[in-house]
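Architecture and fold: a report
For reference, the chains in residue letters:
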Amino acid sequence: MEDRRPIRTGCNFNTRPDDRRIVRTDRGQSESIGAMLLVAIVVIAVAVVAGALFMSSSPTEHPNVRIEATANGSELLVEHRAGEPIHENEFEIVLRETGTTMSGVAGQPREPASDKDGVFEPSEVWMFDADYSISEGESVLLVYTGGDRVLLDETAVEIPTQDDDNDELPSGTVAYDDENGNGLFDRGEQTYERDDFVNENFGEDVDLVVQRDLSNVDGKLQLKPTSVTVKSGVELSTTNNFNIDMDVSDSISVTGATIDASGDATLDGQRVDAERVDLTAEGKIELLSFHDIDVSDATLSASENANVKVESDENVELADATLHGKDILVTAKKAENIVKDINKKIFN
């Protein structure tokens, strides 16, 4: 009899239609989370880069400053009228028409003696030398250099006139302390009489301006303030072999003045401006400076037995100058800075 029992194998056949095998897996979910994380990383990176670009392109902060400018020959007087203080390392003064640039440091500005802190502050007047006669109406630019170069303010130069009714130097006085540095006597500024200088070592910490003659002084003239300005056309002179000695910590300006010493004459300052000066001495003449000395169109006449000495650590300007003396000694520590018009000088 034939055996019809089912044959068993390693396979399990199930032909029931409702028996379905379901296999669970997390593979699709992992791929979705990875894609989402990648998108998030890209979005964050874009945000960071955009923020950095925005911050780097934002304008540099700079102070707000308003100025006014007046001129007296080559002297440019810049007044801080309003706004914030600005350090001397952070600005330049530029004369637009000529391109003349004077920085707060290299321009060697005359800061008011009462507040020499290197900061240009409201109500202060700083003096710069433009090396040429400034005309009324020239444009003066205040340029910020503490970051990006930014034009802070622009103004036109005014040429002030002396108000005889209000600002005339009082009778009997010859000089004053130019407290605000504007080159003019203003009511309330300290004044000085002739006797304040005769046989006196004048050493007050002021910006001294000699506006009237100190002539035929029978005694030594020793001027040792912070700075000295002798106005054009003013005469300083001594008798009886007395010396004239200016020894200041800042600048000396005797442009267009007449100085006649019956002894020696010495001008020693950070800067000496002596253009067109007529300087004579029965003894020696010495002009000494750590910075520039300018004796353009000047006459320096010492005794036949005495020397004329002009010595600067920087520039010496001698164009069209006439120097008389036993020996003429002109020294600039940086030799290339001696002005080239040497053929125009007359040495006797």
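Residues numbered from 1 in each chain as written. Predicted model: local features only at pLDDT ≥ 70, side-chain atom pairs only at ≥ 80, totals over all residues. Heavy atoms only, no water.

**Observations regarding the overall build of the chain**
Secondary structure assignment for the chain yields 1 helix and 31 strands. When each of the 348 residues of the chain is scored for burial, the buried share is 42%. Residue pairs at least 24 apart in sequence account for 33% of intrachain contacts in the chain once pairs closer than 6 positions are excluded. Element-wise, carbon and sulfur atoms account for 47% of the exposed surface of the chain, whose accessible area totals about 19,700 Å². (Helix = DSSP H or I, 4+ residues; strand = E, 2+ residues; numbered from the N terminus. Buried < 20%, exposed > 50% of the residue type's maximum accessible area, 1.4 Å probe, protein only. Contact = heavy atoms within 4.5 Å. Areas by Shrake-Rupley, 256 points an atom, 1.4 Å probe, with all protein chains shown as cover.)

**Overview of the sheet that holds strand E2 (residues 75–83)**
Read from one edge to the other, the open sheet built from 7 strands follows the order E5-E4-E8-E9-E1-E2-E7, with strand pairing classed as mixed. Two strands bound the open sheet, and with one partner strand each, they are strand E5 (100–103) and strand E7 (125–129). Sheet twist, expressed as the average angle between the axes of neighbouring strands with direction ignored, equals 25 degrees. (Pairing = 2+ DSSP bridges. Axes fitted to C-alpha atoms, helices over the stretch in contact; angles between N-to-C directions.)

**Description of the pairing of E2**
Put simply, side chains in a regular strand alternate between the two faces of the sheet. Looking at chain direction, strand E1 (residues 65–72) and E2 are connected through 8 bridges and run antiparallel. Residue pairing in the sheet places glutamate 68 in a bridge with glutamate 79 of E2. From the end of E1 to the start of E2, which pair antiparallel, there are 2 residues, and glycine 73 there has a positive phi angle of about 70 degrees. Alignment of E2 against E7, held across 5 bridges, turns out to be antiparallel. Following the sheet pairing, leucine 76 is matched in E7 by phenylalanine 128.

**Quick word on unusual backbone geometry**
Most peptide bonds adopt trans geometry, and most residues besides glycine take a negative phi value. Even without glycine at this site, asparagine 216 takes up a positive phi of about 55 degrees. The exposure class of asparagine 216 is exposed, given its relative accessible area of 54%.

**Side note on the packing of aromatic side chains**
For the structure on display, the rule yields 7 aromatic pairs. Centre to centre, the rings of phenylalanine 120 and tryptophan 126 are 5.2 Å apart; their planes meet at 45 degrees, and the pair counts as tilted. Each residue in the set Phe91, Phe120 and Trp126 is aromatic and connected to the rest through ring pairs, giving one cluster. (Phe/Tyr/Trp six-rings, centres within 6.5 Å; stacked < 30°, edge-to-face > 60°.)

**Examining the pairing of strand E16 (residues 227–230)**
Burial along E16 is two-sided: the face carrying Ser227 and Thr229 and the face carrying Val228 and Val230 are both buried. Pairing analysis gives 4 bridges linking strand E13 (residues 207–210) to E16, with the strands arranged parallel. Among the inter-strand pairings, leucine 208 is bridged to a residue of E16, identified as valine 228. Two strands pair when backbone bridges link them, and E16 and strand E19 (residues 251–253) are joined in this way by 2 bridges, in the parallel orientation.

**Re the pattern of salt bridges**
For the structure on display, the rule yields 10 salt bridges. For arginine 149, the salt bridge identified is with glutamate 92, shortest N-O distance 3.1 Å. In this pair, arginine 149 is assigned in the loop between strand E8 (139–144) and strand E9 (150–158) and glutamate 92 in strand E4 (residues 91–95), connecting sequence segments 57 residues apart. The buried category is assigned to glutamate 92, whose relative accessible area is 19%. The closest approach of N and O atoms between glutamate 286 and lysine 284, which form a salt bridge, is 3.7 Å. (Salt bridge = Lys/Arg side-chain N within 4 Å of Asp/Glu carboxyl O.)

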